[in-house]
Amino acid sequence: MWRNSATLSFSSRLLSSSSSSIFTPNAVVGRTLSPSHQRFYSSSAAPSPSPSSESVIKVGFLANKSDAFRPSSFKAGDAIQLARHYGRCYWELSKARLSMLVVATSGTGYVLGSGNAVDLAGLCCTCAGTMMVAASANSLNQVFEINNDAKMRRTRLRPLPSGRITMPHAVTWASSVGLAGTALLACKANMLAAGLAASNLVLYAFVYTPLKQIHPVNTWVGAIVGAIPPLLGWAAASGQISLNGLILPAALYFWQIPHFMALAYLCRDDYAAGGYKMFSLADASGRRTAAVAFRNCLYLVPLGFIAYDWGVASGWFCLESSLITLAISAAAFSFYRDRTTQKARRMFYASLLYLPVFMSGLLFHRLSDDQQSIMENTDRIVGLSSFPEDVTESGKDDLKKKMRYVSAAGPQGRPPVAYASIAPFPFLPVPSYVDQ
């Protein structure tokens, strides 16, 4: 009897003193919860009807144990959500897919400039540095164009116009990642590559970006910006800039013109709403826009032969490059004849297909330094094989033209000898001394 009364009195005191902490968990951890979490736990922790004393005691102990772990779990969940939010913002600020295309062109240039062996560590560092600098440039581009992006349908949901991230935060992100990328290239590659990266960042963010609102020449300036990354990769691998390293940058430059002309034609209304001065906006019929695109496609035709002639790639690449260039030229010519949205979109898709095929073919058919030397020696041997026939047919007069005799005294009192220097073939080994 006494035990029952004691139990009941203890239960009643527990109910009266713990009702706020057992059945309203917000009272325990309300100061650390967000409103959404409070609503969730208030609804999920509704009191059950007429609890018994024994169940109340058990629930009280369980509630005390869970309350001890709730604040840390909520902090971890909030941290994960915060990381996802800013990660998404950084991804969109960096224009990650465009930046990865820039990295692909830089990596291709690095492989082409590597010679016989590719340094994988150097390749990874070059790609990482290029990615960071490209992310910085794209982020600064959105910082400067926040008002314009807010007026365009396809850009109004970006992090800055939508208010998902503040301006100082975006500027801090862009500055930090840009400096880190340039420093990485300077330390792991060379100063030439770092200088190209820094100059390209300045050219894109501080020249091309404001020029978009001033003059249509911005398209050609942007093409220069796109042509620098493969040159950066070549410089990072070889430490210098040579004529062979200009083939891929030239392809990138000429390719960007039809690519952006098609895009500018498709998004004319959006660009006009954003206040951008695109070439297509001053061309109501689209004829000049299509002509510029077609002309630059034709400029791509000889690049395959130049790569073969300069020993960068094999003859198969010359054939493949010619075929894909004729394909994109056909799409551009079709757009020139019939300037419709459908033909512009077809040319745009053809340009998207051209670049990866061109770079893949260049990588697959590239010639190392040893292969280039073998090909050069083979060509010289083929040219030399006709030399005896020429000498036989032309007689002594032609022989005198091809050989220069210099009298010299032989060692140890030997009679004078003649040193033969074959002008067209300086690589041909000839004896220093010839007996009379």
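Residues numbered from 1 in each chain as written. Predicted model: local features only at pLDDT ≥ 70, side-chain atom pairs only at ≥ 80, totals over all residues. Heavy atoms only, no water.

This brings us to the nonpolar core. Core analysis: the largest hydrophobic core is formed by 43 residues, its most contacted members being Leu248, Tyr271, Ala307, Met347, Phe358 and Leu362. At the level of elements, α11 (218–238), α12 (247–266), α14 (287–299), α15 (303–309), α16 (315–337) and α17 (341–364) are the ones that each hand at least two residues to this core. Ranked by the residues each element gives to this core, the list is headed by α12, at 11 residues. Ignoring sequence-local partners within four residues, the contact set of tyrosine 271 consists of Met152, Arg154, Leu263, Ala264, Tyr276, Met278 and Leu281. (Core = buried A, V, L, I, M, F, W, Y, C linked by side-chain atoms within 4.5 Å. Buried < 20%, exposed > 50% of the residue type's maximum accessible area, 1.4 Å probe, protein only. Helix = DSSP H or I, 4+ residues; strand = E, 2+ residues; numbered from the N terminus. Contact = heavy atoms within 4.5 Å.)

Take the UniProt feature "transmembrane region" (unreviewed entry) in the protein chain next. Per the UniProt entry, the sites bearing "transmembrane region" (unreviewed entry) are residues 165–185, 191–208, 220–241, 247–267, 314–336 and 348–367 in this numbering. With 86% helix and 0% strand, the stretch residues 220–241 has end C-alpha atoms that lie 22 Å from each other. Annotated as residues 348–367, this span is 85% helix and 0% strand, and its ends, taken at the C-alpha atoms, are 31 Å apart. (UniProt positions renumbered as here; feature names shortened; annotations may be inferred.)

As a further point, take the side chain of asparagine 138. By the secondary structure assignment, asparagine 138 is in helix α6 (residues 120–144). Excluding anything up to four places from it in sequence, asparagine 138 contacts Leu93, Ser94, Lys95, Leu98, Ser99 and Tyr204.

Its place among the elements puts alanine 180 in helix α9 (residues 167–188). Residue classification places alanine 180 among the partly exposed positions, given a relative accessible area of 35%. Sequence separation between alanine 180 and glycine 129 is 51 residues; the distance between their C-alpha atoms is 7.6 Å.

Bringing unusual backbone geometry into the picture now. You will see that lysine 95, though not glycine, has its phi angle at about 50 degrees, which is positive. Mapped onto the secondary structure, lysine 95 falls in the loop between α4 (53–93) and α5 (96–112). With a relative accessible area of 18%, lysine 95 lands in the buried category.

Quick look at the pattern of salt bridges now. Under the counting rule described, the total for this entry stands at 5 salt bridges. A salt bridge links glutamate 92 to arginine 164; the shortest N-O distance between them is 2.6 Å. Here the residue glutamate 92 occupies a position in helix α4, and arginine 164 occupies one in the loop between α8 (159–162) and α9, the gap between them amounting to 72 residues. Of the charged contacts, one joins aspartate 149 and arginine 158 as a salt bridge, the two residues approaching to 3.2 Å between their closest N and O atoms. Side by side, aspartate 149 and arginine 158 carry an identical accessibility label, which is buried. What you see here is one network of salt bridges that share partners, running through Arg88, Glu92 and Arg164. (Salt bridge = Lys/Arg side-chain N within 4 Å of Asp/Glu carboxyl O.)

Further remarks concern the environment of alanine 134. Structurally, alanine 134 is set in helix α6. Expressed as a C-alpha distance, the spacing of alanine 134 and glycine 178, which sit 44 residues apart in the sequence, is 7.8 Å. Excluding residues within four positions of it along the chain, alanine 134 makes contact with Ser94, Ser99 and Val102.

Note that histidine 259 resides in helix α12. Within the local environment of histidine 259, its side chain forms a polar contact with the side chain of serine 351, the two groups lying 3.0 Å apart. If we skip the residues at most four places from it in the chain, histidine 259 touches Phe348, Ser351 and Leu352. (Polar contact = N/O pair within 3.5 Å; in protein donor to acceptor, adjacent residues only side chain to side chain.)

Turning our attention to α17. The end-to-end C-alpha distance of α17, which contains 24 residues, comes to 35 Å, matching closely the 34 Å that a straight helix rising 1.5 Å per residue would cover. Restricting attention to buried positions, one finds in α17 the residues Lys343, Ala344, Met347, Phe348, Ser351, Tyr354, Leu355, Phe358, Met359, Gly361 and Leu362. (Expected span 1.5 Å × (residues − 1).)

Counted according to the given criterion, the structure contains 14 aromatic pairs. Summarising the aromatic geometry, the rings of phenylalanine 348 and tyrosine 349 are spaced 6.0 Å apart at their centres and angled 55 degrees between planes, so their arrangement reads as tilted. The ring of tyrosine 276 carries lysine 212 above its face, with NZ or CZ at 4.7 Å from the centroid. A cation sits over an aromatic face here: arginine 268 above tyrosine 265, 4.1 Å from the ring centre. (Phe/Tyr/Trp six-rings, centres within 6.5 Å; stacked < 30°, edge-to-face > 60°. Lys NZ or Arg CZ within 6 Å of the ring centre and 35° of its normal.)

Before going further, it helps to spend a moment on the packing of α6 against α9. For the pair α6 and α9, interaxial distance at closest approach is 8 Å and the crossing angle is 155 degrees. With respect to their mutual orientation, α6 and α9 come out roughly antiparallel. Relative to α9, α6 is oriented so that their crossing is left-handed. When its residues are assigned to classes, the contact of α6 with α9 shows 16 nonpolar, 8 polar and 1 charged. (Axes fitted to C-alpha atoms, helices over the stretch in contact; angles between N-to-C directions. Parallel < 35°, antiparallel > 145°, perpendicular 65-115°, else oblique. Left-handed = near helix turned anticlockwise from the far one by under 90°. Nonpolar A, V, L, I, M, F, W, Y, C, P; charged D, E, K, R; others polar.)

A few words on a nonpolar patch on the surface. Taken together, the side chains of Leu192, Ile241, Leu243, Leu246 and Trp310 make up a nonpolar region of the molecular surface, amounting to roughly 440 Å² of accessible area. Here isoleucine 241 is to be found in the loop between α11 and α12. With a relative accessible area of 43%, isoleucine 241 lands in the partly exposed category. (Patch = residues over 30% accessible without salt bridge, like charges linked within 9 Å, V, L, I, M, F, W, Y side chains within 5 Å. Areas by Shrake-Rupley, 256 points an atom, 1.4 Å probe, with all protein chains shown as cover.)

With respect to the element layout, leucine 211 can be found in helix α10 (residues 191–211). Residue leucine 211 is classed as buried on the basis of its relative accessible area, which comes to 17%. A C-alpha to C-alpha distance of 9.7 Å links leucine 211 and glycine 222, two positions 11 residues apart in sequence. Apart from residues lying up to four places away in sequence, leucine 211 is in contact with Val217, Asn218 and Val221.

α17 packs onto α12 with a crossing angle of 160 degrees between their chain directions and a minimal axis gap of 8 Å. By the criterion of interaxial angle, the relationship of α12 to α17 is roughly antiparallel. The handedness of the crossing between α12 and α17 is left-handed. Residues Leu248, Ala251, Leu252, Trp255, Pro258, His259, Ala262, Leu263, Tyr265 and Leu266 of α12 pack against Thr341, Ala344, Arg345, Met347, Phe348, Ser351, Leu352, Tyr354, Leu355, Phe358, Met359 and Leu362 of α17. Residue composition of the contact of α12 with α17, by class: 18 nonpolar, 3 polar and 1 charged.

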